[in-house]
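Chain residues, written in single-letter form:
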Amino acid sequence: MNEKHLKGNLSEIVALKWLTKQGYVVYTKMGVQSPFDLVAYDPSKEKILLVDVKTAAKRQSKFQHGTTIRRIKNDRQKELGVVFLYVYLDEEERCELIL
């Protein structure tokens, strides 16, 4: 497993932990290609989120240096209403949910 996959796996674990602390019940997928990584259910609001976990990366160039690189949803993710959860591994495992 390469470093990119290791970071991705760690980000999913951090996201699962963070979502659980926010009150969600979290379901994971097992080795299946999917437009999302996690299913998060908020029992207090009876709301389900389809979550694609992203390891946050910052721009290194002079243009907008230090800002987070934002990813774009593909057509299937847009159809399903997938949300992105950015995990900042270098900032004490901070998470940012983009609805």
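Reference entry: report on the structure contained in this document. Keep in mind it's a predicted model, so treat the numbers as computed, not measured. (Residues numbered from 1 in each chain as written. Predicted model: local features only at pLDDT ≥ 70, side-chain atom pairs only at ≥ 80, totals over all residues. Heavy atoms only, no water.)

**What about the overall build of the protein?**
For step 1, the next point in the chain: When helices and strands are counted, the protein shows two helices and five strands.
For step 2, the next point in the chain: For the protein, the N- to C-terminal ordering of α and β elements is α-β-β-β-α-β-β.
For step 3, the next point in the chain: Compactness check: the protein gives a C-alpha radius of gyration of 14 Å against a globular reference of 13 Å for 99 residues, within 12% of the reference.
For step 4, the next point in the chain: When its C-alpha atoms are laid out on the principal axes, the protein stretches across 45 × 30 × 30 Å.
For step 5, the next point in the chain: Relative to its 99 residues, the protein shows a buried fraction of 27%.
For step 6, the next point in the chain: The contacts in the protein between residues at least 6 apart in sequence include a share of 39% that link residues at least 24 apart. (Helix = DSSP H or I, 4+ residues; strand = E, 2+ residues; numbered from the N terminus. Rg over C-alpha atoms; globule rule 2.2 N^0.38 Å. Buried < 20%, exposed > 50% of the residue type's maximum accessible area, 1.4 Å probe, protein only. Contact = heavy atoms within 4.5 Å.)

**Brief notes about the layout of surface pockets**
For step 1, the next point in the chain: Taken as a whole, the largest pocket holds about 580 Å³ of empty space.
For step 2, the next point in the chain: In this structure, the largest pocket is lined by 19 residues; those nearest its centre are His5, Gly8, Glu12, Asp37 and Val53.
For step 3, the next point in the chain: Mapped onto the lining of the largest pocket, the elements with two or more residues apiece are helix H1 (3-21) and strand S3 (47-55).
For step 4, the next point in the chain: With six residues, the single largest contributor to the lining of the largest pocket is H1.
For step 5, the next point in the chain: Residue composition of the lining of the largest pocket, by class: four nonpolar, eight polar and seven charged. (1 Å grid on protein atoms, 1.4 Å probe; cavity = no way out; pocket = protein on both sides within 12 Å on 5 of 7 lines; lining within 4 Å. Points joined across faces, edges and corners; volume = space filled by probe spheres on them. Nonpolar A, V, L, I, M, F, W, Y, C, P; charged D, E, K, R; others polar.)

**A short note on the nonpolar core**
Proteins that are soluble and globular tend to have nonpolar side chains buried together.
For step 1, the next point in the chain: Residues Leu19, Leu38, Val51 and Val87 are the most contacted members of the largest nonpolar core, which totals 14 residues.
For step 2, the next point in the chain: At the level of secondary structure, the elements contributing two or more residues to this core comprise H1, strand S2 (38-42), S3 and strand S4 (83-88).
For step 3, the next point in the chain: Apart from the residues within four sequence positions on either side, Leu38 is in contact with Glu12, Ala15, Leu16, Leu19, Val26, Tyr27, Thr28, Leu49, Leu50, Val51 and Val53. (Core = buried A, V, L, I, M, F, W, Y, C linked by side-chain atoms within 4.5 Å.)

**So, the packing of aromatic side chains**
Remark: the centre distance and the inter-plane angle together describe each pair of aromatic rings, the angle taken between the planes.
For step 1, the next point in the chain: Under the counting rule described, the total for this entry stands at one aromatic pair.
For step 2, the next point in the chain: Their ring planes at 80° and their centres at 6.1 Å tell us that Phe84 and Tyr86 sit as a pair that is edge-to-face. The pair formed by Phe84 and Tyr86 is uniform in burial state, with each residue classed as buried.
For step 3, the next point in the chain: Stacked on the ring of Tyr86, the Lys or Arg Arg70 has its end atom at 4.7 Å from the ring centre.
For step 4, the next point in the chain: Taking NZ or CZ as reference, Lys73 lies 5.9 Å from the ring centre of Phe84, over its face. (Phe/Tyr/Trp six-rings, centres within 6.5 Å; stacked < 30°, edge-to-face > 60°. Lys NZ or Arg CZ within 6 Å of the ring centre and 35° of its normal.)

**Things to note about unusual backbone geometry**
For step 1, the next point in the chain: We note that Glu92 has phi near 55°; this positive angle belongs to a residue other than glycine.
For step 2, the next point in the chain: Note on placement: Glu92 falls in the loop between S4 and strand S5 (94-98).

**Observations regarding H1**
Spacing of three or four residues puts side chains on the same side of an α-helix, whose turn is 3.6 residues.
For step 1, the next point in the chain: Taking 1.5 Å per residue as the helical rise, H1 with its 19 residues ought to reach 27 Å, and the 27 Å between its terminal C-alpha atoms agrees with that figure.
For step 2, the next point in the chain: For H1, the set of buried residues is Ser11, Val14, Ala15 and Leu19. Down the axis of H1, the sector holding all buried residues measures 130°, keeping them to one side. Projecting away from the buried face of H1 at angles above 90 degrees are the exposed residues Ile13 and Lys21.
For step 3, the next point in the chain: Taken together, the buried residues of H1 touch strand S1 (25-28), S2, S3, S4 and S5.
For step 4, the next point in the chain: Its side-chain oxygen at 3.1 Å from the backbone nitrogen of Lys4, Asn2 defines the N-terminal cap of H1.
For step 5, the next point in the chain: Looking one or two residues beyond H1, the residue adopting positive phi is Gly23, at roughly 100°. (Expected span 1.5 Å × (residues − 1). Arc of directions from axis to C-beta. Polar contact = N/O pair within 3.5 Å; in protein donor to acceptor, adjacent residues only side chain to side chain.)

These figures capture arrangement, not role.
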